Amino acid sequence: MIYTILLLGSKGQLGNSILSVATEKNFKHSFICKDIETLDITKKEAISRFLSEQKVDIIINCAAYTAVDQAEDEAALAYLVNETAVFHLAEIAREKDIYLFHISTDYVFDGTSSVPYQPEDATTPTSVYGKSKLAGEQAMTGSGCHGNVIRTSWLYSPFGHNFVKTILRIGKERSEINVVNDQYGSPTNACDLAMAILTLIDKGNFNTGTEIYHFSNRGIITWHEFAQEIIRLANYDTLVHPISSAEYPTKAKRPHYSAFDLRKIENTLGYSIPEWKESLREIVEKLV
Ligand SMILES: NC(=O)c1ccc[n+]([C@@H]2O[C@H](COP(=O)([O-])OP(=O)(O)OC[C@H]3O[C@@H](n4cnc5c(N)ncnc54)[C@H](OP(=O)(O)O)[C@@H]3O)[C@@H](O)[C@H]2O)c1
């Protein structure tokens, strides 16, 4: 069976990574790629019209409002993209029997846990972004469509803006940098997440209703450890000093701990997700 897949938000980090992995692995299914200019997910009629004219089997929604701090001042826009648009997408997916992959975030958790979060753990987001993403998850779960919410964390790739690219840039410019050392989580190479989504499709792993999964690379670290490893892999001499979150105030409150329990997704995929250092090396080598 060859599926037609509508990739929304195709110019973002994950959208680009899905296309890049699909090309590299000769993925047999076909993609229709849409970005905000060619199909804005907040335009319900445009989505509806497009899907009436074009047969689609699967939607992968990589489109999102992702500016975590800016969302504190732009709540209406964050909710429009991350909740309302997802609600409409999920409704259309249910009506047209299209399988929906939707991506969410570790920021749906408040970070008070000290053990990795399970997909069914209670969610208490502390930021507008986290709340809007949770609202999107709930819209999808409540819609009756079939698909997956895949929560991910600390996403990076060779595309767009991300922590790895920022550290490489400022690490090259400066001899010393300060990075927060009291927020624990797990980085995710977007190509590994792309591979997981493509594997679920290739395996025909389609559930009834909405199933939530957690996906990140293996290993629980702080942003400081993450930065140190980026600098080491890039062979820069930059000193990376640990600081507290209090010393680096941000508009949005981030969870102190947001690592995922990965057993559910690994059992479904049938393979172990790569360790964070291994996956990071591949990207830093490409970028330096
Ligand atoms: N980045 C992370 O660290 C991280 C962590 C956890 C979870 N996630 C989740 O992972 C998913 C992918 O994130 P990412 O890092 O790939 O995000 P990204 O690079 O910001 O890509 C999101 C894409 O969506 C587009 N977009 C925004 N509003 C849209 C609209 N109304 N219609 C269509 N497209 C629209 C953006 O276009 P513009 O650039 O033109 O706005 C961008 O191309 C998101 O659901 C995000 O919430 C990300």
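Draft legend 1. Summary view of the nonpolar core. In terms of nonpolar packing, the biggest core is built from 80 residues, with I59, I60, L89 and L100 touching the most fellow members. Sort the elements by how many residues they give to this core and helix α6 (residues 190-202) lands first, with 9 residues. Beyond its immediate stretch of four places on either side in the chain, I59 contacts L6, L8, L89, A93, I98, L100 and F101.

Draft legend 2. Spotlight on the packing of helix α2 (residues 44-53) against helix α3 (residues 75-96). Remark: α2 packs on α3, axes separated minimally by 10 Å, with the N-to-C direction vectors making an angle of 25 degrees. Comparing the axis directions of α2 and α3 gives the class roughly parallel. Here α2 runs over α3; the crossing is right-handed. Where α2 approaches α3, its residues K44, I47, S48 and L51 are matched on the opposing element by H88, L89, I92 and K96.

Draft legend 3. Local environment of unusual backbone geometry. The backbone of D97 shows a phi angle near 55 degrees, a positive value even though the residue is not glycine. With respect to the helices and strands, D97 occurs in the loop between α3 and β4 (99-105). In this structure, N235 takes a positive phi of about 60 degrees despite not being glycine. Residue position: N235 is located in the loop between α7 (223-234) and β12 (239-243).

Draft legend 4. View of the pairing of strand β10 (residues 210-215). Buried residues dominate β10, accounting for 5 of its 6 residues. Pairing geometry for strand β5 (residues 147-152) and β10, over 6 bridges, is parallel. Within the sheet, the bridge partner assigned to N148 lies in β10 and is E211.

Draft legend 5. Up close: the site of the ligand. Close contacts around the ligand come from 25 residues, with G9, G12, Q13, A63 and A64 the closest. Of all elements in the fold, only α1 (13-24) and β4 reach the threshold of two or more residues within the shell around the ligand. Of the residues belonging to the shell around the ligand, the class tally is 12 nonpolar, 9 polar and 4 charged.

Draft legend 6. Region of interest: α6. Compared with an ideal rise of 1.5 Å per residue, which puts 13 residues at 18 Å, α6 spans 18 Å between its outermost C-alpha atoms and is within 8% of the ideal. Across the 13 residues that make up α6, a large majority, 10, are buried. Those residues of α6 not exposed but buried are A190, C191, D192, L193, A194, M195, A196, I197, L200 and I201. Count one or two residues on from α6 and you reach G204, which has phi positive near 65 degrees.

Draft legend 7. Expanded view of the sheet that holds strand β1 (residues 4-8). Taken together, the 6 strands give an open sheet; going across it, the order is β2-β1-β3-β4-β5-β10, and neighbouring strands pair in parallel fashion. Strands with a single pairing partner mark the edges of an open sheet, and in this sheet they are β2 (30-34) and β10. Across the sheet, the axes of successive neighbouring strands diverge by a mean angle of 20 degrees, strand direction being ignored. As judged from the 4 bridges shared by strand β3 (residues 58-61) and β4, these two strands associate in the parallel manner. Residue N61 lies in a different strand from β4, and its bridge partner there is H102. Together, β4, β5 and β10 form the strand contacts of helix α4 (residues 128-143), whose direction differs from that of β4 by roughly 155 degrees.

Here is what the cut-offs are and how they apply
- Residues numbered from 1 in each chain as written.
- Predicted model: local features only at pLDDT ≥ 70, side-chain atom pairs only at ≥ 80, totals over all residues.
- Core = buried A, V, L, I, M, F, W, Y, C linked by C-beta atoms within 7 Å.
- Buried ≥ 20, exposed ≤ 12 C-beta atoms within 10 Å, placed from the backbone.
- Helix = DSSP H or I, 4+ residues; strand = E, 2+ residues; numbered from the N terminus.
- Contact = placed C-beta atoms within 7 Å.
- Axes fitted to C-alpha atoms, helices over the stretch in contact; angles between N-to-C directions.
- Parallel < 35°, antiparallel > 145°, perpendicular 65-115°, else oblique.
- Left-handed = near helix turned anticlockwise from the far one by under 90°.
- Pairing = 2+ DSSP bridges.
- Near = placed C-beta within 6 Å.
- Nonpolar A, V, L, I, M, F, W, Y, C, P; charged D, E, K, R; others polar.
- Expected span 1.5 Å × (residues − 1).

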